[in-house]
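Here is how the chains run, residue by residue.
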Amino acid sequence: AQTVTQSQPEMSVQEAETVTLSCTYDTSESDYYLFWYKQPPSRQMILVIRQEAYKQQNATENRFSVNFQKAAKSFSLKISDSQLGDAAMYFCAFGGSNYKLTFGKGTLLTVNP
Amino acid sequence: DTGVSQDPRHKITKRGQNVTFRCDPISEHNRLYWYRQTLGQGPEFLTYFQNEAQLEKSRLLSDRFSAERPKGSFSTLEIQRTEQGDSAMYLCASSSQTGATDTQYFGPGTRLTVL
């Protein structure tokens, strides 16, 4: 079974600064996907970024980028130029061959003006 | 693309009552998932449909829980004889089959409170 660990229950960042959220996972599969989802206080889960394990290049989406280290089973999310609207709970998720997603416990990000 | 919708958004019920939730996936998506999220936790997988076939159920899905997806369109999740431990947010997600794992898009959830 896969496990996903987010070791930072809470993080804070100043507006316009950069913050990195950590995620590690454990799996015996070689082909899988990793995701970061954002859940604002309204609780709608929104996809932030996706990474295919077979791709060596780190995924980027505007101000969001990942540092994917397959050998270390690490998948961190970097948010650049943080905005007040980035404040939310962030979940790291693993998607393997059995279709379901396995989520970490989340990191609550606070953005200070 | 109207997104995944769920109804109702909130449900308050008394212990022992039955409740039913509905999920309407993104129209062209053939995969549909149910998750449960309790306070302070990430979502946990409950069950998964590909078209109308229910392909996997979690051990979390006791015999009081049943899910259906008639005609491969919307899905319902029913909880019989609700217990206080069933209080949670029930999330639905859908995806389009492009491989073994594809991106799941989530609905707003149904928050269940069992008194």
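None of these values were measured; they are calculated from a predicted model.

Parameters at a glance
Residues numbered from 1 in each chain as written. Chains lettered and ligands numbered in written order. Predicted model: local features only at pLDDT ≥ 70, side-chain atom pairs only at ≥ 80, totals over all residues. Heavy atoms only, no water. Phe/Tyr/Trp six-rings, centres within 6.5 Å; stacked < 30°, edge-to-face > 60°. Helix = DSSP H or I, 4+ residues; strand = E, 2+ residues; numbered from the N terminus. Buried < 20%, exposed > 50% of the residue type's maximum accessible area, 1.4 Å probe, protein only. Lys NZ or Arg CZ within 6 Å of the ring centre and 35° of its normal. Contact = heavy atoms within 4.5 Å. Buried area = accessible area lost by both parts, 1.4 Å probe. Salt bridge = Lys/Arg side-chain N within 4 Å of Asp/Glu carboxyl O. Polar contact = N/O pair within 3.5 Å; in protein donor to acceptor, adjacent residues only side chain to side chain. pLDDT = per-residue confidence, 0-100. Disulfide = S-S within 2.5 Å. Pairing = 2+ DSSP bridges. Axes fitted to C-alpha atoms, helices over the stretch in contact; angles between N-to-C directions.

A. The packing of aromatic side chains, seen in detail. On inspection of all chains with the given rule, the structure shows 17 aromatic pairs over all chains. When the ring of tyrosine 25 of chain A is compared with that of phenylalanine 94 of chain A, the centres are 6.0 Å apart and the planes differ by 40°; the resulting orientation is tilted. Within this pair, whereas tyrosine 25 of chain A is found in strand β4 (residues 24-26), its partner phenylalanine 94 of chain A is found in strand β10 (residues 88-95), the two being separated by 69 residues in sequence. Take tyrosine 25 of chain A and phenylalanine 94 of chain A: they sit in the same class, and that class is buried. Residues phenylalanine 103 of chain A and phenylalanine 106 of chain B carry aromatic rings whose centres are separated by 6.0 Å and whose planes lie at 70° to one another, so their mutual orientation is edge-to-face. Here phenylalanine 106 of chain B lies in strand β10 (residues 105-106) and phenylalanine 103 of chain A lies in strand β11 (residues 101-103), a pairing that spans two chains. With respect to class, phenylalanine 103 of chain A is no different from phenylalanine 106 of chain B; both count as buried. The rings of Phe35, Tyr37, Phe91, Tyr99 and Phe103 of chain A together with Tyr33, Tyr35, Phe45, Tyr48 and Phe106 of chain B are connected pair by pair, giving a single aromatic cluster. The ring of phenylalanine 74 of chain B has arginine 22 of chain B sitting right over it, with the charged end atom 3.9 Å from the ring centre.

B. Geometry of the interface of chain B and chain A. Contact residues are listed per partner, giving 25 residues for chain B and 21 residues for chain A. For the pair chain B and chain A, the summed buried area comes to about 1,900 Å², and 52% of that belongs to carbon and sulfur atoms. At the junction of chain B with chain A, the criterion picks out one salt bridge. The salt bridge involving glutamate 56 of chain B is made with lysine 100 of chain A; its shortest N-O contact spans 3.8 Å. Our count for the contact surface shared by chain B and chain A stands at six residue pairs in polar contact (both at pLDDT 80 or more). Among the secondary structure elements, those contributing two or more residues to the side of chain B that touches chain A are β4 (31-37), β5 (44-50), β9 (88-95) and β10 of chain B. Ranked by residue count, the leading element in the side of chain B that touches chain A is β4 of chain B, at four residues.

C. Just the confidence of the model for chain A, in detail. Put simply, chain A has an average pLDDT of 94, and 100% of its residues get 70 or more. Taken element by element, chain A is modelled with least confidence in strand β7 (residues 60-61) of chain A, mean pLDDT 94, and with most confidence in strand β3 (residues 19-21) of chain A, mean pLDDT 98.

D. Inspection of the state of the cysteines at higher detail. In the structure shown here, the tally under the stated rule is two disulfides over all chains. The disulfide bridge from cysteine 23 of chain A ends at cysteine 92 of chain A, spanning 2.0 Å between sulfur atoms. Here the disulfide of cysteine 23 of chain A and cysteine 92 of chain A is left-handed, its torsion about the S-S bond being about -70°. Pair noted here: cysteine 23 of chain A is in the loop between β3 and β4 and cysteine 92 of chain A is in strand β10, with a separation of 69 residues, a long-range link. Summarising the burial analysis for this pair, cysteine 23 of chain A and cysteine 92 of chain A share the class buried. One disulfide bridge connects cysteine 23 of chain B with cysteine 92 of chain B, the sulfur atoms lying 1.8 Å from each other. Between cysteine 23 of chain B and cysteine 92 of chain B, the S-S dihedral sits near -70°, and the bridge is therefore left-handed. One end of the pair, cysteine 23 of chain B, is in strand β3 (residues 19-24); the other, cysteine 92 of chain B, is in strand β9, and 69 residues separate them in sequence. Summarising the burial analysis for this pair, cysteine 23 of chain B and cysteine 92 of chain B share the class buried.

E. Structural detail: the sheet that holds strand β8 (residues 75-79) of chain B. All names here are of chain B. Across the sheet, which stays open at both edges, the four strands sit in the order β1-β3-β8-β7 with antiparallel pairing between neighbours. Strand pairing shows two members of the sheet lacking a second neighbour, β1 (5-7) and β7 (65-68), which therefore form its edges. Neighbour-to-neighbour, the strand axes of this sheet turn through a mean angle of 15°, independent of strand direction. Bridge count for β1 against β3 is three bridges, and the pairing is antiparallel. The residue bridging glutamine 6 from the neighbouring strand is cysteine 23, located in β3.

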